Amino acid sequence: MVDIREVPEADIDRAQELAYLVFHDRPDEEGRARHRTLLGHCDRLGAYEGDALVGFMAAHRFRLSVPGADLPCPGLTFVAVAPTHRRRGVLTALMAEQLRRTGAAGAPVAALWASEAAIYGRFGYGSATQGVTIEIDSTRPLALRIAPDRRPLRMIDPADAPALIGPAHEATRALRAGRPSRGPERWREEWLCEQDEEDEELSPPRIIALGDPGEPLAGYVIYRTKPGGDSGPVRTPGLVRVDELEADTPAVAAALWECVAGLDLTGRVSAWGRPADDPLLHFAADRDQVKVTEVFPALWLRLVDVRAALTARSWAAPVELVLELADVRLPANAGRFRLKAGPGGATYERAAQAPDLELDVRELAACYLGGTRVVELVVAGLVREHTPGAAATLDAALRTELLPHTADEF
Ligand SMILES: CC(=O)SCCNC(=O)CCNC(=O)[C@H](O)C(C)(C)COP(=O)(O)OP(=O)(O)OC[C@H]1O[C@@H](n2cnc3c(N)ncnc32)[C@H](O)[C@@H]1OP(=O)(O)O
């Protein structure tokens, strides 16, 4: 018999050991200390069998940017079930309690990054943002179709970064939905930690900012490098891995990309987790030099309180539709509802009329930030359109100027 309850501070070490066991991980002391700090700032749920911890789940206390609003949003992480107890419903029990607590705390949405895409749909999570990996062949100068901003560049000490670039990052959260808040501990323990978690050959983080002295920053890039080397007869070029690049204008972005592509002794730039509508993909003059090498699901979103989530966001165009929503985990969300929304706000109330669209809550979550089109899900057979044009009308209302995007993997 498994009992779901909070994991006290005293059990964090056990939770870490369980997580390292199931993720086949063996972090060094610095990595363990970093995880401990992060978990200390999280809400923690455990599945206990007697005294033994057989399942674990942590939740960052994030806020998430959604179109026109910023909502409280637990960010699930460190989900782990002991190999001896897998496929007996332990995750299902943890998730039920987690959803219950999220609703009780008044958070309309919850989010996570999935280790495997097959796991979380059954719990009502939809894939809400996508990331792309961009690779630049920087053995030659980066060819651009626009003029880069020529204001000064300067190195920033990582210790000063949260204070100096934190406000610039915070401002980007309103521009793109899907971005979690980043507190000091996440800056320190995730973005700016000396040792990269996945590749120990990478340098510590380097930060370059652009802007006139005394003025607010116009943009910044956080990157790490790896020297080139001889492997057999082939010399591999040095690598620049871009972790984050944010810019106020296209010209600032062009200057920062040009800067990292021009670093001496490197010949390749790899930027993981960029938005699919990254302006670089348009202003790069040679798309043989700048390539998208990977597209992947990034943030998975759960609408825990559908009414609260829909009425909190802004709407790009008027829409009035009856939705028939399925939600087997949270029945309060299930049934027929009239969504009436537009630039002035939204209402979402139970309705008796025949539905225009019929869908599962996971599909609504996938479309909620504007990153997936309802029309695509109709074509895929996942949303049933009873009134012709209803999906396109809903898409026009959900649309955002820029695609939602999440660089923070957690
Ligand atoms: C947000 C994050 O932290 S992502 C990290 C997730 N953790 C990991 O990948 C670590 C390794 N894996 C594990 O610890 C576990 O296998 C977990 C957490 C993925 C699943 O835990 P379990 O307790 O075995 O899940 P549970 O028994 O509740 O399964 C519920 C359902 O999900 C399915 N399921 C569980 N894991 C997977 C999977 N990896 N792939 C596909 N289906 C899965 C089960 O088959 C079951 O289906 P059913 O309801 O049709 O029978």
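Given the structure is predicted, the values throughout are model-derived calculations rather than measurements. (Residues numbered from 1 in each chain as written. Predicted model: local features only at pLDDT ≥ 70, side-chain atom pairs only at ≥ 80, totals over all residues.)

Focus on helix α11 (residues 390-398)
Residues of α11 that are buried: A390, A391, L394, D395, A397 and L398. Along the axis of α11, the buried residues cluster in a sector spanning 165°; they form a single face. (Buried ≥ 20, exposed ≤ 12 C-beta atoms within 10 Å, placed from the backbone. Helix = DSSP H or I, 4+ residues; strand = E, 2+ residues; numbered from the N terminus. Arc of directions from axis to C-beta.)

Digging into the UniProt feature "domain: N-acetyltransferase" (unreviewed entry) in the protein chain
Summarizing the sequence annotation, UniProt attributes the feature "domain: N-acetyltransferase" (unreviewed entry) to residues 2-147 in the numbering used throughout. Strand forms 37% of residues 2-147 and helix 26%; the C-alpha atoms that close the span are 62 Å apart. (UniProt positions renumbered as here; feature names shortened; annotations may be inferred.)

Side note on the domain arrangement of the protein chain
In terms of domains, the protein chain is made up of domain 1 (3-107), domain 2 (131-297) and domain 3 (300-398). Measuring from the centre of the C-alpha atoms in domain 1 to the corresponding centre in domain 3 gives 30 Å. Of the residues lining the interface, 9 residues belong to domain 1; the matching set on domain 3 comes to 9 residues. Contributions of two or more residues to the side of domain 1 that touches domain 3 are made by β4 (69-81) and α3 (90-104). By residue number, the principal contributor to the side of domain 1 that touches domain 3 is α3, which donates 3 residues. (Domains from an automatic or database assignment. Contact = placed C-beta atoms within 7 Å.)

Description of the UniProt feature "binding site: acetyl-CoA" (unreviewed entry) in the protein chain
The UniProt record marks V79, A80, V81, R87, R88, G89, V90, L91, T92, S115 and E116 with the feature "binding site: acetyl-CoA" (unreviewed entry), using the residue numbering of this structure. Its location among the elements puts L91 in helix α3. Secondary-structure assignment places E116 in the loop between β5 (109-112) and β6 (125-127). What makes E116 exposed here is the crowd of 6 C-beta atoms within 10 Å.

Remarks on the sheet that holds strand β19 (residues 345-350)
Read from one edge of the open sheet, 5 strands run β19-β18-β17-β20-β21, paired in mixed fashion. Looking at strand neighbours, the two that pair on one side only are β19 and β21 (384-385), the edges of this open sheet. Looking at chain direction, strand β17 (residues 319-326) and strand β18 (residues 335-342) are connected through 7 bridges and run antiparallel. Looking at the pairing, E320 lines up with K340 of β18. Helix α9 (residues 361-368) rests against β17 and β20 (357-360) of the sheet, and its axis sits at about 95° to β20. Strands in contact with α11 are β17, β18, β20 and β21; relative to β17, the strand with the most contacts, it is inclined by about 105°. (Pairing = 2+ DSSP bridges. Axes fitted to C-alpha atoms, helices over the stretch in contact; angles between N-to-C directions.)

Examining the environment of V295
On the secondary structure map, V295 appears in strand β15 (residues 290-297). Separated by 197 residues in sequence, V295 and Q98 have C-alpha atoms that sit 29 Å apart. Those residues within four positions of V295 in sequence are excluded, and the remaining contacts are Q130, V132 and A276.

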